[in-house]
Amino acid sequence: QVQLVESGGGLLQAGGSLRLSCAASGSTFSINAMGWYRQPPTKQTPGKQRELVAAISSGGRTDYGDSVKGRFTISRDNAKNTVYLQMNSLKPEDTAVYYCNAVIDPDYPEYDYWGQGTQVTVSS
């Protein structure tokens, strides 16, 4: 079992910066990759699925969603079992609940672990 605890969400104005943290505990040795996904408000984007924000492999390879490239940076501290998401130049459309994700086996997403989510609200 893996437990994920996110922190760092909040309310801020467009153009600001925020850093999210996700601390993993439990069977962290089984974690392959970690990442962040987000779910925008249903009212503004009905039917929109949770989307990838950024991911980082155990070897440090990163991947970003197109809408955040150049603005967000994901990093990982393996000693602390923590993954970070530095978000700069935030826009109102970045408003969402951000979820931390831990991948055990990429071929079996049903084995993924998820955090409880942290709200990020960006005002214009």
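Computed from a prediction, not measured in an experiment: that's the story for all the values here.

1. As for the pairing of strand β1 (residues 2-7)
Along β1, the buried face is formed by Val-2, Leu-4 and Glu-6; none of Gln-3, Val-5 and Ser-7, which line the opposite face, is buried. Two strands pair when backbone bridges link them, and β1 and strand β3 (residues 18-26) are joined in this way by 6 bridges, in the antiparallel orientation. Counterpart to Glu-6 in the pairing with β3 is Cys-22.

2. A word on the environment of Gln-13
Secondary-structure assignment places Gln-13 in strand β2 (residues 10-13). In contact with Gln-13, other than residues within four places in its own chain, are Val-122 and Ser-123.

3. As for the pattern of salt bridges
This model, assessed by the stated rule, comprises 4 salt bridges. Across the pair Lys-69 and Asp-66 runs a salt bridge whose closest N-O atoms are separated by 3.1 Å. A salt bridge links Asp-94 to Arg-71; the shortest N-O distance between them is 2.8 Å. In this pair, Asp-94 is assigned in the loop between β8 (82-87) and β9 (96-103) and Arg-71 in the loop between β6 (62-64) and β7 (72-77), connecting sequence segments 23 residues apart. For the pair shown, Asp-94 and Arg-71 are each scored as buried.

4. Brief notes about unusual backbone geometry
Its identity is not glycine, yet Asn-81 carries a phi of approximately 50 degrees, on the positive side. Among the secondary structure elements, Asn-81 is positioned in the loop between β7 and β8.

5. Digging into the environment of Ile-31
In this fold, Ile-31 is placed in the loop between β3 and β4 (33-39). Considered as a pair, Ile-31 and Ala-102 are 71 residues apart in the sequence and their alpha carbons are 6.2 Å apart. If sequence neighbours within four positions are ignored, Ile-31 has contacts with Val-2, Ala-24, Arg-76, Ala-102, Val-103 and Ile-104.

6. Remarks on the nonpolar core
Ranked by internal contacts, the top residues of the largest apolar core, which has 27 residues, are Met-34, Trp-36, Leu-85, Met-87 and Tyr-98. Of all the secondary-structure elements, those providing two or more residues to this core are β1, β3, β4, β5 (51-56), β7, β8, β9 and β11 (118-123). Among all residues touching Met-87, those that are not within four sequence positions of it are Gly-16, Ser-17, Leu-18, Leu-20, Arg-71, Phe-72, Tyr-98 and Val-120.

Reading the values: the criteria
- Residues numbered from 1 in each chain as written.
- Predicted model: local features only at pLDDT ≥ 70, side-chain atom pairs only at ≥ 80, totals over all residues.
- Heavy atoms only, no water.
- Buried < 20%, exposed > 50% of the residue type's maximum accessible area, 1.4 Å probe, protein only.
- Helix = DSSP H or I, 4+ residues; strand = E, 2+ residues; numbered from the N terminus.
- Pairing = 2+ DSSP bridges.
- Contact = heavy atoms within 4.5 Å.
- Salt bridge = Lys/Arg side-chain N within 4 Å of Asp/Glu carboxyl O.
- Core = buried A, V, L, I, M, F, W, Y, C linked by side-chain atoms within 4.5 Å.

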